[in-house]
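# Structural features, examined
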Amino acid sequence: MGKSFSRLFRSPTPAAAAPAEPEFSWEKRRANREDFVVRNLEQKLVLRSPGSVAGNQFVIEDCKHCDVVVFDTCGPVTVDACSHCNIFLGPCTGSVFLRELVACRVILACQQFRTRDCADCDISLYCATQPIIETSTDLRLTPFAVDVHNDAAL
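Let me sum up the structure you'll find in this document. (Residues numbered from 1 in each chain as written. Predicted model: local features only at pLDDT ≥ 70, side-chain atom pairs only at ≥ 80, totals over all residues. Heavy atoms only, no water.)

The next subject is the nonpolar core. If you look at the biggest cluster of nonpolar residues, it comprises 31 residues, and the most contacted ones within it are Phe-58 and Ile-60. Mapped by element, the contributors of at least two residues to this core are strand E3 (58–61), strand E4 (67–70), strand E5 (77–80), strand E6 (86–91), strand E7 (95–99), strand E8 (105–110) and strand E10 (119–127). Looking at this core, the element that brings in the most residues is E10, giving four residues. When residues no more than four places from it in sequence are discounted, the contact partners of Phe-58 are Asp-35, Phe-36, Val-38, Arg-48, Val-53, Val-68, Val-70, Cys-74, Pro-76, Val-77 and Thr-78. (Core = buried A, V, L, I, M, F, W, Y, C linked by side-chain atoms within 4.5 Å. Buried < 20%, exposed > 50% of the residue type's maximum accessible area, 1.4 Å probe, protein only. Helix = DSSP H or I, 4+ residues; strand = E, 2+ residues; numbered from the N terminus. Contact = heavy atoms within 4.5 Å.)

Below is the structure:
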């Protein structure tokens, strides 16, 4: 009788700790949409290092006298209403759309290239398809000429 009575007053055995929920890589990296937007800047240098864009859509808009350099793979890219800017885009897996650029220099490699209402721009381009140029004036297009294997070129 003593054994069964002592069981009533014994402290409960601690329950086994619940196994931790697995954490997946896509849950660790919460992308902030603003990290992929360059907007309303004047006389600034904007750099995106390798791995910072990671194939996401990238937007550049309303910039003046800026240098925007993206050393990463982008998805679709839109550049709107910029003037007197220098823009370098790493390889783009989607389309690049330039609208209302004035006196800009752009270097890029993409799947599809489109311009509309651009004026007085120098564009160094590698494109998998034929470029689409709409209502733009004084564009100077040259082949993409960047040696990515030579560190001195960067």
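The discussion continues.
As a further point, take the pattern of salt bridges. This structure, assessed with the given rule, holds seven salt bridges. In this structure, a network of salt bridges that share partners links the residues Glu-34, Arg-39 and Glu-61. (Salt bridge = Lys/Arg side-chain N within 4 Å of Asp/Glu carboxyl O.)

The next thing to look at is the sheet that holds E7. Reading across the sheet, the six strands line up as E1-E3-E5-E7-E9-E11 and stay open at both edges, with parallel pairing between neighbours. Edge positions in the open sheet fall to strand E1 (37–39) and strand E11 (132–134), since each of these has one partner strand only. Across the sheet, the mean angle separating the axes of adjacent strands is 5° when strand polarity is ignored. Of the strand pairs in this sheet, E5 and E7 are connected by four bridges, and their pairing is parallel. Paired with Val-79 across the strands is Leu-98, a residue of E7. (Pairing = 2+ DSSP bridges. Axes fitted to C-alpha atoms, helices over the stretch in contact; angles between N-to-C directions.)

Mapped onto the secondary structure, Ser-124 falls in strand E10. On the accessibility criterion, Ser-124 (11% relative accessible area) is buried. Among the polar contacts made by the side chain of Ser-124, one reaches the main-chain carbonyl oxygen of Pro-143 at a distance of 3.0 Å. Non-local contacts of Ser-124, meaning those with residues more than four positions away in its chain, are made with Val-106, Ile-107, Leu-108, Thr-142, Pro-143, Phe-144 and Ala-145. (Polar contact = N/O pair within 3.5 Å; in protein donor to acceptor, adjacent residues only side chain to side chain.)

Attention shifts here to unusual backbone geometry. One non-glycine residue with positive phi stands out, namely Ala-81, at about 50°. In this structure, Ala-81 sits in the loop between E5 and E6. Accessibility expressed as a relative area gives 25% for Ala-81, which makes it partly exposed.

Note that all results are geometric; they support no functional claim without further evidence.
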